[in-house]
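Given next are the chains, with one letter for each unit.
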4 protein chains.
Amino acid sequence: MTLSNGRQYLAIPGPSVMPDAVLQAMHQAAPNIYEGALPEMVATLIPDLRYVARTSGQVAIYIANGHGVWEAALANTVAPGEKVLVPACGRFAYGWADMAEGMGIEADILDHGIKTPIDPERVRAALAADKNHEIKAVLAVHVDTSSSVRSEIAPLRAVLDELGHPALLMADCIASLGCDRFEMDAWGVDVMITGSQKGLMTPPGLGFVFFNDRADAVRKSMPRVSRYWDWSPRANPEVFYQYFDGTAPTHHLFGLRAALDMIKSEGIEAIWQRHESLARAIWAACDVWADGGPLTLNIADPVNRSHAVTAARLGAPNGSRLREWTDKNGGVTLGIGLGMSEPDDPNGTGFFRFGHMGHVNAHMILGMLGVVEAGLGALEIPHGQGGVSAAASVISQSVQT
Amino acid sequence: MTLSNGRQYLAIPGPSVMPDAVLQAMHQAAPNIYEGALPEMVATLIPDLRYVARTSGQVAIYIANGHGVWEAALANTVAPGEKVLVPACGRFAYGWADMAEGMGIEADILDHGIKTPIDPERVRAALAADKNHEIKAVLAVHVDTSSSVRSEIAPLRAVLDELGHPALLMADCIASLGCDRFEMDAWGVDVMITGSQKGLMTPPGLGFVFFNDRADAVRKSMPRVSRYWDWSPRANPEVFYQYFDGTAPTHHLFGLRAALDMIKSEGIEAIWQRHESLARAIWAACDVWADGGPLTLNIADPVNRSHAVTAARLGAPNGSRLREWTDKNGGVTLGIGLGMSEPDDPNGTGFFRFGHMGHVNAHMILGMLGVVEAGLGALEIPHGQGGVSAAASVISQSVQT
Amino acid sequence: MTLSNGRQYLAIPGPSVMPDAVLQAMHQAAPNIYEGALPEMVATLIPDLRYVARTSGQVAIYIANGHGVWEAALANTVAPGEKVLVPACGRFAYGWADMAEGMGIEADILDHGIKTPIDPERVRAALAADKNHEIKAVLAVHVDTSSSVRSEIAPLRAVLDELGHPALLMADCIASLGCDRFEMDAWGVDVMITGSQKGLMTPPGLGFVFFNDRADAVRKSMPRVSRYWDWSPRANPEVFYQYFDGTAPTHHLFGLRAALDMIKSEGIEAIWQRHESLARAIWAACDVWADGGPLTLNIADPVNRSHAVTAARLGAPNGSRLREWTDKNGGVTLGIGLGMSEPDDPNGTGFFRFGHMGHVNAHMILGMLGVVEAGLGALEIPHGQGGVSAAASVISQSVQT
Amino acid sequence: MTLSNGRQYLAIPGPSVMPDAVLQAMHQAAPNIYEGALPEMVATLIPDLRYVARTSGQVAIYIANGHGVWEAALANTVAPGEKVLVPACGRFAYGWADMAEGMGIEADILDHGIKTPIDPERVRAALAADKNHEIKAVLAVHVDTSSSVRSEIAPLRAVLDELGHPALLMADCIASLGCDRFEMDAWGVDVMITGSQKGLMTPPGLGFVFFNDRADAVRKSMPRVSRYWDWSPRANPEVFYQYFDGTAPTHHLFGLRAALDMIKSEGIEAIWQRHESLARAIWAACDVWADGGPLTLNIADPVNRSHAVTAARLGAPNGSRLREWTDKNGGVTLGIGLGMSEPDDPNGTGFFRFGHMGHVNAHMILGMLGVVEAGLGALEIPHGQGGVSAAASVISQSVQT
């Protein structure tokens, strides 16, 4: 017997659960891509994307995943042979740095381990040492999906301004946009990249690069930008095909339109609050379980935790055992530990992650926690009693206040 | 802010949650209804329906809801002016009796209230008093969706046999089939009716009448049976349209085929165990909440409770307040109290029901309980602490053993 | 090789092609059936159904197919032992008469063969001879789906009025509603029945009975009406479940709402014109093919032809050969000849039907005709040249004028 | 009144009509992207893609459109500062050359106008003059979607071999793959690129680069390849995410799997024959219309015409008038003339294109031709009579033989 036969809940940190409205919107006949309803609809996406990113800047939409827009952002702003500064708090900063190196860009990495956010003072030191302004951009991952750490972005702008350093401030909001609070303009971000498949609740396949006038001025000074990555015609198309440098990703656009309608209807502030409340519920359960067993959260201080993903450690091989149990017996697919390992656990079987981004509500999260609690019990992994009830209590209080 | 924006969970006692596979199967072009794939597919439904009902008898499929097949069952077996015996443990026995009366059939009701199952001894007394065998059928609701009581059916067969009474034994399994154990042949049921929208996980719109040779012999002796309700051509069609006395319900049939595939894949015994385990988890949570507050379950003895639906009382107006809270804030739609009222609560606002039938797993049920626990807290309805954790513990043990 | 691999076109006379919008509307989670959006939506269906039927009368919606509402209409108005008059121009009048007989109602059939519409003078003679007004209703099929004849309904009202005969005038608009012009009130129809799967472009599974005050007065005088068929609570529900005497057919209702939106958007007069123009295009092609080969249309005079279905004869076995060819090689599924046979063709293999009802446009119809023309050629069935071009010419002129 | 209300037929040259099976496959919950069913499924795509391309070579799948894979193919094989030779027969060769130039590659264009295919002798002359082998690749568009010309690819291989020139032979099969015969290995193509949205019948958003060992050897000699475009890890992934350099395009992959199942089931040779027969039917209609009016096909000799798209000229402004008429009145959306203009028609309103690629059958094509014929008549554009009947005749003969 299994207790998983019902609607499976996908609790990995992306792709997130697709809303019915998004999947329905994608279930339609191919449209005319030259005139009519599709071009008109695409124009409506732009202001709504800006709304989500809290910016009055421009946005280019790419048929690409997050790695693609990592490359796109650099292709418009940093030439081969130039340098970027990459403070790293998990796997994805290394990924972005690697993309840079593949483009012939030198990436200076400031390794922060996987348990703490970016330290502005370390960034300050590195920039201060860069007397010749060889660093053209600071690549900051807002939320690292592997470590689940969230770094403050605004202090990096302050550092740049205080030093008068001209490097662009770039933020990777793949895991955070539409989940954790992000204010592109208020925080002074020059370039922001994200993808469709997490807070934007649309299947993977679209990437976005937001940029402000400072970044666009750098773009204009570039000797050459690949046509596919060039953000200029995409953000300022004279004819429709320039939005996407060729054929439009028709069905993704239908889905994105539906997702943005949902986001606008709820309101971005309310969405941030929802994610925060649900994250606090998860942490409350974990705190109870931790009290009496091996479970720990990767990021100790809640201030530094993302509201979209939570990385946890159970000790090898219990992370993998738990994931397997919840998947097979409870209808919950947890995320693997990514970029995590220990000397006696080279494959990271002691780790797992909760994804809680996008189209998630109290039912989904409390069900996930209930199944995890059941799994801890069934597998006889020591844990404090009453975790999911503690989470329910957080939910009670969140809605009251 | 609300914490309901995500996938809403429908926890009413029918229609149940539709599996993706069922909705997908229904999303297809209209088929040819005269030849080809559709007629071939329909023939495959029959053995699988028998499998679910545990019978080697016959089955007629109707385009109708449960009320329709209540009428269909009687139309084939009881003539106007004849009599039926209806032990009643909730609202639906009264409904069936009312349908009978609308057909000119006299219905003798044995009222059991709404808190206890059918008492075979009361049925025995009524049948024993029927010296002239005027009672043509005993109409027994297996699970009453309003009270959530489950009655034993096999003892009724024993009573009939012991008395040598020729009345047919009819069972209403609308709420129970595919959830609670039901053994049509082993329990000696002559006629069983059910619908598509609960354990069969298909949208409402199909009804089913299963019958054995005894019942069919009665049918053959009837002076007249309405063409629409006549089960003979439906169960033994010479041409395809006779299956449905006219145009086939094409898209429902696609959905039903997908649902039966899921049922066969899991196995009916495993399905019964799953429902039992999940029901026990719900009751465990309720027992905790009850200890320290007003919540009570309508059926005191777990032996008499359905594994598909659970009726509860919070006291007016807290049943309605709780339903509203979970719907608006947690993403869970609970069932209203049906056929329940109290002197100071004529509209039954003190009651509610958990639906837990069909496509349900540990995640869905624990999420539902978590949201209810959060609601009890937010509304400051007194309740014992730790209900959902107690439920998770039941799940742990269910899967282990 | 086959030239059918693409979107198959279903050209049978019902079920008709389902619009994407209808299938999409049905692809959604099960709703709450006790309160909220569903009950509110269902209330909006009623005025729109009246609009389609051109009536200010009432309407009851049944979970049933056409045979079911045949029975429903009679159950509310004619008691066992009473009599109905059934002028017959094809198979379906016999079907309705048979349903009546199954209910203990005597059906006097006026056989008109299968090539001519109802002759009001024959109806007059039968009613005039009924001095005692034993005939309680005249059952008139507006369009017979087998013969494709369309009968005038208003003249029957004139006959009844002229004779002062109190029988109800009932019309079967299963094949015609939303295709051929039908004016319930203006034509003096007392009861009209139809189904979801043709002009209403929704999968089979819903039936409708429209009725006026005269008919409702008869209903009120009935000694007994089966609860399932009783139109009173359905048309005047005090609580939501009475609309459907039990569980609502949730997903069909979603589909019907989408279909009615399409109908209102186009306008019923425009829909009738569209069907007429497309029918004339089909007939023009057939006239060309007929000139030089065996093809004939079943109804000689276009005035008497339905705009929704066209029955044709090719001679045995070429009707079946053509259907098979178009299905396998061209992507078009034609309808079988129904109720058609000849001494040397007992199985009707010489006949076939074009369905052209509901969601059909010039592309679909011209494609169908093109494939038929290709099939006539490939099978070396003699036929006049240029049929589909003649049809295209009709389309040219239809849109110009 | 309009005769377009029914299923609209999209007859533009891509995106093509999406099969129901593809859209259904995409309508499913987000999957786990780290383990389980998705990674297993993706592995099955590779041999099937090779089957469609007739190659035993390797394939890299990109989240990108056709422009993206133009860039990808070059990024792996041609360094900035190097040179490519681009014979051009329409708009898309210029597009590819432009992408090259955006990458710092020099593109030598051999302009052939828009009415004739690539002339191998001109290519021979250009390569023969390239004594120092500065040309690193010949970029040949197999079918130009704008002009609808199809060029022979094998002769280009012969020229390269005869001259002993080491340039890679690259083919753009975006419009042709799965429609026109293409034999990657037999024709000696080194690199082939295509997209998902035409013959592969999947929404736009996936691009493919096929390559052989010769091309891969060049790749291995490249000083640097951008990570996103690098085909090595994509074609030889050690872990799943490398297939797509990051998050997999989950829903597109579901759709592609369904489309490849259809292709394998029909067989690639049968698919090519189907497209050829349908193209010949279109041309037959056009030949009739041309005889007596202004319509001409852009490519005079059928040997040089694609079987996937046909460009036509009516003279300004009748191309646009016809497109508008068929769209509004007949349910057919034709393609605009792309890259076509005349001195007195700078916007190309005299041109239009038929798309006939992918999921197309006799019904769809004959319906399209019927509507065009109706439009020519309604708009009083002079044309020969009987075009669609001539097309039907071609279909007759195609299936017979």
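What counts, and at which threshold
- All chains use their own residue numbering, which begins from 1 and follows the written sequence.
- Written order determines the labels here, with chains lettered from A and ligands numbered from 1.
- Confidence filtering applies because this is a predicted model: local features only for residues at pLDDT of at least 70, side-chain atom pairs given and counted only at 80 or more, and all residues used for totals across whole chains, interfaces and linings.
- The basis for every side-chain value is the complete set of heavy atoms in the structure, and neither hydrogens nor water enter the calculation.
- Every helix listed is a DSSP run of H or I at least four residues long, and every strand listed is a run of E at least two residues long, numbered separately from the N terminus.
- Here the radius of gyration uses the C-alpha set of atoms, whereas the globule reference equals 2.2 Å times the residue count to the power 0.38.
- The contact criterion used throughout is that any non-hydrogen atoms of two residues lie within 4.5 Å.
- Salt bridges are defined as contacts in which a side-chain nitrogen from Lys or Arg sits within 4 Å of a carboxyl oxygen from Asp or Glu.
- For the exposure calls, accessible area comes from a 1.4 Å probe over protein chains only, and a residue counts as buried if that area is under 20% of its type's maximum, exposed if over 50%, partly exposed in between.
- As used in this structure description, the phrase polar contact means that two N or O atoms lie within 3.5 Å; if the pair is within protein, one of them must be able to donate a hydrogen and the other to accept it, and residues adjacent in sequence are counted only when both atoms belong to side chains.
- Summed over both partners, buried area is the accessible surface (1.4 Å probe) that two parts give up on being assembled.
- Where each domain begins and ends is defined by an automated method or by a domain database.
- Any two strands between which DSSP finds at least two bridges are classified as paired.
- Angles here are taken between N-to-C directions and fall from 0 to 180 degrees, while the axes themselves are lines fitted to C-alpha atoms, restricted in helices to the stretch in contact.
- For Phe, Tyr and Trp, where Trp contributes only its six-membered ring, two rings pair if their centres lie within 6.5 Å, and the inter-plane angle classes them as stacked under 30 degrees, edge-to-face over 60, or tilted in between.
- Counting as a charge over the ring demands two things of the Lys NZ or Arg CZ atom: a distance within 6 Å of the ring centre and an angle within 35 degrees of the ring normal.
- Lys, Arg, Asp and Glu make up the charged group, whereas Ala, Val, Leu, Ile, Met, Phe, Trp, Tyr, Cys and Pro make up the nonpolar group; the residues left over, Gly among them, are polar.
- The fit set for superposing copies consists of C-alpha atoms from residues with pLDDT of at least 70 in both; the fit itself is least squares.
- Reported orientations rely on four angle classes, namely roughly parallel under 35 degrees, roughly antiparallel over 145, roughly perpendicular from 65 to 115, and oblique for the rest.
- Note: crossing handedness is left-handed where the near helix turns anticlockwise from the far helix by less than a right angle, and right-handed where it turns clockwise.

1. Focus on the overall build of chain A
In terms of helices and strands, chain A carries 13 helices and 12 strands. Scaling as 2.2 N^0.38, a compact globule of 401 residues should have a C-alpha radius of gyration of about 21 Å, and chain A matches this with 21 Å. For chain A, the spread of C-alpha atoms along the principal axes amounts to about 60 × 55 × 40 Å. Pairs at least 24 apart in sequence give 72% of the contacts found in chain A among residues at least 6 apart.

2. Re the pattern of salt bridges
For the coordinates displayed, the defined rule picks out 92 salt bridges over all chains. With a shortest N-O distance of 3.5 Å, Glu134 of chain A and Lys83 of chain A are connected by a salt bridge. With Glu134 of chain A in the loop between helix 5 (120-129) and strand 5 (135-141) and Lys83 of chain A in strand 3 (residues 83-88), the pair connects residues that are 51 residues apart, well separated along the chain. Judged by relative accessible area, Glu134 of chain A falls into the partly exposed class, the value being 40%. Among the salt bridges present, the one from Arg150 of chain B reaches Asp180 of chain B, with a minimum N-O distance of 2.7 Å.

3. Brief notes about the side chain of Glu183 of chain D
Residues and elements named next belong to chain D. You can see Glu183 is positioned in the loop between strand 6 (168-172) and strand 7 (191-195). A polar contact of 3.1 Å, which involves the side chain of Glu183, links it to the side chain of Arg54. When residues no more than four places from it in sequence are discounted, the contact partners of Glu183 are Ala53, Arg54 and Trp272.

4. Regarding the interface of chain D and chain B
Across the boundary between the two partners, chain D contributes six residues, which contact six residues of chain B. Approximately 380 Å² of surface area, both sides summed, lies buried where chain D meets chain B, with 34% of it carried by carbon and sulfur atoms. Taken together, the links from chain D to chain B amount to zero salt bridges. Linking chain D with chain B are three residue pairs in polar contact (both at pLDDT 80 or more), by the criterion used here.

5. Some points on the domain arrangement of chain A
Residue and element names in this part refer to chain A. Domains assigned within chain A are domain 1 (9-16 + 268-400) and domain 2 (31-265). Distance between the C-alpha centres of domain 1 and domain 2: 28 Å. Facing 27 residues of domain 1, the contacting portion of domain 2 comprises 31 residues. Contact between domain 1 and domain 2 buries roughly 2,400 Å² in total, counting both sides, with carbon and sulfur atoms accounting for 57%. Of all residues in domain 1, Ile268, Trp272 and Leu338 give up the largest surface area on contact with domain 2, accounting jointly for 26% of the area buried on that side. Viewed at the interface, domain 2 and domain 1 are joined by two salt bridges. Of the charged contacts, one joins Glu269 and Arg54 as a salt bridge, the two residues approaching to 2.6 Å between their closest N and O atoms. In this assembly, domain 1 and domain 2 are joined by 18 residue pairs in polar contact (both at pLDDT 80 or more). Sorting the residues of the side of domain 1 that touches domain 2 by element identifies helix 10 (268-290) and strand 10 (309-313) as the ones contributing at least two each. The element contributing the most residues to the side of domain 1 that touches domain 2 is helix 10, with five residues.

6. Observations concerning the sheet that holds strand 7 (residues 191-195) of chain B
Residues and elements named next belong to chain B. Here we have seven strands laid out as an open sheet, ordered 2-8-7-6-5-3-4, and mixed in their pairing. Strands at the two margins of the open sheet, each flanked by one partner only, are strand 2 (58-63) and strand 4 (106-111). Between one strand axis and the next, the sheet turns by 20 degrees as a mean value, whatever way the strands run. Direction of pairing for strand 5 (residues 135-141) relative to strand 6 (residues 168-172): parallel, over a ladder of five bridges. Along strand 6, the bridge assignment pairs Ala137 with Leu168. Of the strands in this sheet, strand 2, strand 6, strand 7 and strand 8 (206-211) are in contact with helix 7 (residues 213-221), which crosses strand 6 at around 110 degrees.

7. Regarding the packing of aromatic side chains
Applying the stated criterion to the full structure yields 46 aromatic pairs over all chains. For the ring pair Phe240 of chain C and Tyr243 of chain C, a centre distance of 5.6 Å and an interplane angle of 65 degrees mean the geometry is edge-to-face. Accessibility classification places Phe240 of chain C together with Tyr243 of chain C in one group, the buried group. Seen in terms of ring centroids, Phe182 of chain D and Trp187 of chain D are 5.4 Å apart; in terms of plane orientation they differ by 80 degrees. Their pairing is edge-to-face. Each of the two residues, Phe182 of chain D as well as Trp187 of chain D, counts as buried. Grouping aromatic residues by their ring pairs yields a cluster made of Tyr62, Tyr228 and Trp229 of chain A together with Tyr62, Tyr228 and Trp229 of chain D. The residue whose ring lies beneath Arg305 of chain B is Trp283 of chain B, and the NZ or CZ to ring-centre distance is 4.9 Å.

8. Quick notes on unusual backbone geometry
Residue and element names in this part refer to chain B. A cis amide bond links Gly14 to the next residue, Pro15, at an omega of 0 degrees. Tracing the chain through its elements places Pro15 in the loop between strand 1 (9-11) and helix 1 (20-26). Residue Pro317 is bonded to the preceding Ala316 through a cis peptide linkage, with omega at -5 degrees. Inspection of the secondary structure assignment puts Pro317 in the loop between strand 10 (309-313) and helix 11 (318-330). Even without glycine at this site, His133 takes up a positive phi of about 55 degrees.

9. Concerning the interface of chain B and chain A
Between chain B and chain A, the contact holds 50 residues from the first and 50 residues from the second. Interface area for chain B against chain A, summed over the two sides, is near 3,900 Å², with a carbon-plus-sulfur share of 61%. Note that Arg7 of chain B is salt-bridged to Asp20 of chain A, the shortest N-O span being 3.3 Å. Contributing elements (two or more residues each) for the side of chain B that touches chain A: helix 10 (268-290), helix 11, helix 12 (362-378) and helix 13 (387-400) of chain B. Broken down by element, the residue count for the side of chain B that touches chain A peaks at 12 residues, all from helix 12 of chain B. Residues belonging to the side of chain B that touches chain A are distributed by class as follows: 21 nonpolar, 23 polar and six charged.

10. Structural notes on the relation of the copies chain D and chain B
Placing chain D over chain B gives an RMSD of 0.0 Å and needs a rotation angle of 180 degrees, together with 0.0 Å of translation along the axis. Put plainly, the chains are arranged around a two-fold axis. Judged by C-alpha distance, Gln24 of chain D is the residue of chain D that lies nearest the rotation axis, at 3.3 Å. A share of 100% of interface residues in chain D that are also interface residues in chain B marks the association as one of identical surfaces.

11. Thoughts on the relation of the copies chain B and chain A
Copies of the same chain, two in number, are related to each other by a rotation about an axis and a translation along it. Mapping chain B onto chain A calls for a screw motion: a turn of 180 degrees about the axis and a shift of 0.0 Å along it, with 0.0 Å RMSD after fitting. Mapped onto chain A, 100% of the interface residues of chain B again fall at the interface, so both copies present the same surface.

12. What about the pairing of strand 10 (residues 309-313) of chain D?
Residue and element names in this part refer to chain D. Most of strand 10 is tucked away: four of the five residues are buried. In this structure, strand 9 (residues 296-297) lies alongside strand 10, joined through two bridges in antiparallel fashion. What sits directly across from Leu297, in strand 10, is Ala312. Here strand 10 runs beside strand 12 (residues 351-355); their pairing, made up of five bridges, is antiparallel.

13. Details of the packing of helix 2 (residues 37-53) of chain A against helix 9 (residues 250-266) of chain A
All names here are of chain A. In contact at an axis separation of 10 Å, helix 2 and helix 9 are set at 45 degrees when each is read in the N-to-C sense. Between helix 2 and helix 9, the angle falls in the class oblique. For the element pair helix 2 and helix 9, the recorded crossing hand is left-handed. When helix 2 is examined against helix 9, the residues Leu38, Met41, Val42, Thr44, Leu45, Asp48, Leu49, Tyr51 and Val52 are found in contact with a partner set consisting of Thr250, Leu253, Phe254, Leu256, Arg257, Leu260, Ile263 and Lys264. Here the contact of helix 2 with helix 9 is built from residues that sort into 12 nonpolar, two polar and three charged.

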